[in-house]
Amino acid sequence: MMPLRKFAIHQPKTVAEASQMLADFGAEGRLYGGGTELLLAMKHDLLRYKHLVDVKTIADLDRIEIKDGALMIGGAATHRAIERSALVHRNLPVLTSMAANVANIRVRASGTLGGNLCFAEPHSDPATLLTALGAKVHVQRKTATRAVSISKVITGAYETSLADDEVLTQVEIPLPTSSQRAAYLKFQLKERPTLGLALVVEIDGEEINKASAVVGCVSVAPTQSEKANALLIGAKAQVAGQLSAAAEELANAADLIDDVEGSAEYKRHLIAVFLRRAFTEVSR
Ligand SMILES: Cc1cc2nc3c(=O)[nH]c(=O)nc-3n(C[C@H](O)[C@H](O)[C@H](O)COP(=O)(O)OP(=O)(O)OC[C@H]3O[C@@H](n4cnc5c(N)ncnc54)[C@H](O)[C@@H]3O)c2cc1C
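Residues numbered from 1 in each chain as written. Predicted model: local features only at pLDDT ≥ 70, side-chain atom pairs only at ≥ 80, totals over all residues. Heavy atoms only, no water.

(A) Structural context of the overall build of the chain. Of regular secondary structure, the chain possesses 12 helices and 15 strands. Dimensions of the chain, computed from the C-alpha atoms along their principal axes, are close to 60 × 45 × 30 Å. For the chain, buried positions account for 49% of its 284 residues. Considering only contacts in the chain between residues 6 or more positions apart, those separated by 24 or more positions represent 60%. Summing over all exposed atoms, the chain offers an accessible surface of approximately 13500 Å²; the carbon and sulfur share of this is 51%. Charge-centre separation for the chain: the mean point of 32 positive side chains lies 5 Å from the mean point of 32 negative side chains. (Helix = DSSP H or I, 4+ residues; strand = E, 2+ residues; numbered from the N terminus. Buried < 20%, exposed > 50% of the residue type's maximum accessible area, 1.4 Å probe, protein only. Contact = heavy atoms within 4.5 Å. Areas by Shrake-Rupley, 256 points an atom, 1.4 Å probe, with all protein chains shown as cover. Lys, Arg positive; Asp, Glu negative; His and termini not counted. Charge placed at Lys NZ, Arg CZ, Asp CG, Glu CD.)

Okay, here's the thing in structure tokens:
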């Protein structure tokens, strides 16, 4: 690792100011959250920026609140803040436990949710769970705002649909109905997860009325399959008998590859094991 090249840090007070700075700096500037990805890549000389625009000086960008039936998490909220938020725990405990298991305490203390999603590193826990929860992200470019479904944000490994001068301001997660059950499980042997699997269902007695299964980390972006979700709907006992078929559909939809984490066949096996475990958890 080489010493960091020289760069300047800029501290905007508003999102519009940050976006304007990014537009002015062009390819020489980048947003900077906790720096856990960015500074590492810059130390390895994989990325070079002369100007870093700090999102942490923007007022309220780390706010966590309930608004209009949704949990709103600011783009600059750290994993640790999410893990420790009583509001998150009360409303979406599955998010609390996911956040508590991201990386290590040092990364969680400075790494932000916005940085995690916008870096689009394929081994992201939040991206997988938030996709299953039907989350949206709010982004702002100068004074213009838009909301994008999370499944449309990550377009590939280290690629998003956001423009270079857009700032992720908030993640919006619909509050669960009383019949919603959610599980997020991951399998991890190294620094980052080999597999993350989220299952969110609506259960009425013995009947599953709605299901959303998402697998992450096994390919470039979180994957869903309509066919898998259809097999996860119906009487619990019937769905239990269809889990292998649903896992096959999910694995077919994910573009599984052989890599240092394991072979495509191994990942297919893990999907089946973890879908079954997640089903056991949500149908208890
Ligand atoms: C050792 C290690 C272990 C890890 N383990 C896990 C793990 O188990 N699970 C997991 O999910 N992740 C893991 N990670 C990834 C970690 O979650 C991310 O590094 C962290 O969340 C990134 O946030 P940051 O604020 O540090 O981003 P930065 O490094 O500051 O920025 C990353 C990218 O996001 C952009 N960006 C930052 N904020 C915004 C914003 N608000 N709007 C638009 N663009 C923005 C930056 O311009 C940059 O391109 C691990 C990382 C490390 C180093």
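Next comes the rest of the description.
(B) The site of the ligand, seen in detail. Lining the immediate environment of the ligand, one finds 32 residues, of which L31, G34, T36, H79 and T112 sit closest. Within the contact set of the ligand, an oxygen atom lies 2.6 Å away from a side-chain nitrogen or oxygen of T36. A distance of 3.1 Å separates an oxygen atom of the ligand from a polar atom in the backbone of A103. For the ligand, the accessible surface in isolation is 970 Å², of which the surrounding protein chains cover 96%. Partitioning the shell around the ligand into residue classes produces 12 nonpolar, 13 polar and seven charged. (Near = heavy atom within 4 Å. Polar contact = N/O pair within 3.5 Å; in protein donor to acceptor, adjacent residues only side chain to side chain. Nonpolar A, V, L, I, M, F, W, Y, C, P; charged D, E, K, R; others polar.)

(C) Representation of the nonpolar core within the structure. L95 and I173 are the most contacted members of the largest nonpolar core, which has 36 residues in total. Those elements giving two or more residues to this core turn out to be β5 (70–74), α5 (93–100), α7 (113–119), α8 (125–132), β6 (136–141), β10 (167–174) and β12 (195–204). Per-domain counts for this core show at least three residues from each of domain 2 (64–174) and domain 3 (180–282). If near-sequence neighbours (up to four positions away) are discounted, I173 is found in contact with A70, L71, I73, L92, L95, L130, L133 and A135. The next biggest cluster of nonpolar side chains, apart from the first, holds 30 residues, and it includes A183, V215, L232 and A264. (Core = buried A, V, L, I, M, F, W, Y, C linked by side-chain atoms within 4.5 Å. Domains from an automatic or database assignment.)

(D) Molecular detail of the domain arrangement of the chain. Annotation of the chain at the domain level lists domain 1 (8–57), domain 2 (64–174) and domain 3 (180–282). In this structure, domain 1 and domain 3 have C-alpha centres spaced 36 Å apart.

(E) Spotlight on the sheet that holds strand β1 (residues 8–10). Pairing is parallel in the open sheet, where three strands are placed in the order β1-β3-β2. Edge positions in the sheet fall to β1 and β2 (29–32), since each of these pairs with one other strand and no more. Strand after strand, the sheet turns through a mean of 30 degrees between neighbouring axes, direction not considered. Relative to strand β3 (residues 51–54), β2 runs parallel, the two being bridged by four bridges. Note that in β3 the partner of R30 across the bridge is L52. (Pairing = 2+ DSSP bridges. Axes fitted to C-alpha atoms, helices over the stretch in contact; angles between N-to-C directions.)

(F) Representation of the side chain of H123 in the model. Assignment of secondary structure puts H123 in the loop between α7 and α8. The class for H123 is buried, based on a relative accessible area of 18%. In this structure, H123 is in contact with R192, P193, C217 and E261, ignoring residues within four places of it in sequence.

(G) Structural view of the packing of aromatic side chains. The final tally for this structure, using the stated rule, is two aromatic pairs. Ring geometry for F187 versus F274: centroids 5.9 Å apart, planes at 50 degrees, classification tilted. Linking F187 in strand β11 (residues 180–187) with F274 in helix α12 (residues 264–282), this pair joins segments that are 87 residues apart in sequence. When the ring centre of F274 is taken as origin, the NZ or CZ atom of R277, which lies over that ring, is 4.8 Å away. (Phe/Tyr/Trp six-rings, centres within 6.5 Å; stacked < 30°, edge-to-face > 60°. Lys NZ or Arg CZ within 6 Å of the ring centre and 35° of its normal.)

(H) Here's a closer look at the packing of helix α11 (residues 243–253) against α12. Across the interface, α11 lies against α12 with an axial gap of 9 Å and an inter-helix angle of 130 degrees. The orientation of α11 with respect to α12, classified from their angle, is oblique. Here α11 and α12 pass one another in a crossing that is right-handed. On the side of α11, the interface is formed by L243, S244, A246, A247, E248, L250, A251 and N252, while α12 contributes R268, I271, A272, L275, R276 and F279. A breakdown of the residues in the contact of α11 with α12 according to their chemical character gives nine nonpolar, two polar and three charged. (Parallel < 35°, antiparallel > 145°, perpendicular 65-115°, else oblique. Left-handed = near helix turned anticlockwise from the far one by under 90°.)

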